[in-house]
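Each chain, written out:
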Amino acid sequence: MRETARAEPPADIEGGPGWVIDGVSLLPRITDLAAFREGMAADPLAEAVEALWSGDPDRARALLAAEEPTVRVRALLADCARDLGRVDEALTEYAALLAECTGTPWEPVLRQHHGKTLLAAGRPEVALAEFESAYAMRVEAGAPDDLIASSAQARDRAQQLVGD
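Attention here is on the structure that accompanies the text. (Residues numbered from 1 in each chain as written. Predicted model: local features only at pLDDT ≥ 70, side-chain atom pairs only at ≥ 80, totals over all residues. Heavy atoms only, no water.)

## Description of the nonpolar core
Phase 1: By size, the foremost hydrophobic cluster in this structure holds 18 residues, and its most contacted members are Phe-36, Leu-45, Val-49, Leu-52, Trp-53, Leu-64 and Leu-76.
Phase 2: Breaking this core down by element, the ones donating at least two residues are strand S2 (19–21), helix H2 (46–53), helix H3 (57–65) and helix H4 (71–83).
Phase 3: Element by element, the count of residues in this core is highest for H2, at six residues.
Phase 4: Residues in contact with Leu-64, not counting those within four places in the same chain, are Leu-45, Ala-48, Val-73, Leu-76, Leu-77 and Cys-80. (Core = buried A, V, L, I, M, F, W, Y, C linked by side-chain atoms within 4.5 Å. Buried < 20%, exposed > 50% of the residue type's maximum accessible area, 1.4 Å probe, protein only. Helix = DSSP H or I, 4+ residues; strand = E, 2+ residues; numbered from the N terminus. Contact = heavy atoms within 4.5 Å.)

Here is the structure:
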């Protein structure tokens, strides 16, 4: 019996100054802290994002708890829950966010993050559908190349996981 070679996961892609989206986990990873901090200097949530993306979701959650519950803050809190292993909590929050934001510019972002949470829940087929939707929406909207690339990366990784 001939064994087929396993496909390599998608490559990491540049997400912004000092960070990439990992091709295996699909999670952001800080690669150059100084460049990241410089690039995020104007972002009021920079400290929380840094904590989350550096592997400290407890600290990120504490920082975010003091913020106004905007869509972005709620999505970041859902990512914290996902990274803390509270996947059901994260899925519930993403379902609520999607119900509120369908048809808005937030929808592809939320579908992408919902897909990552579905992967964490062991549901790659459903995640793939979310990634495909996010990709199509971003292409149709003429989103920046980096956002389209991140959706393509996520779609490709989920296709690979479904195939495994």
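Continuing now.
## Regarding H2
Phase 1: Where burial is concerned, most of H2 is hidden: seven out of the eight residues are buried.
Phase 2: By the burial criterion, the buried members of H2 are Ala-46, Ala-48, Val-49, Glu-50, Ala-51, Leu-52 and Trp-53.
Phase 3: Of the surrounding elements, those touching the buried residues of H2 are S2, strand S3 (28–30), helix H1 (33–39), H3 and H4.
Phase 4: Of the residues one or two after H2, Gly-55 is the one with positive phi, at around 90 degrees.

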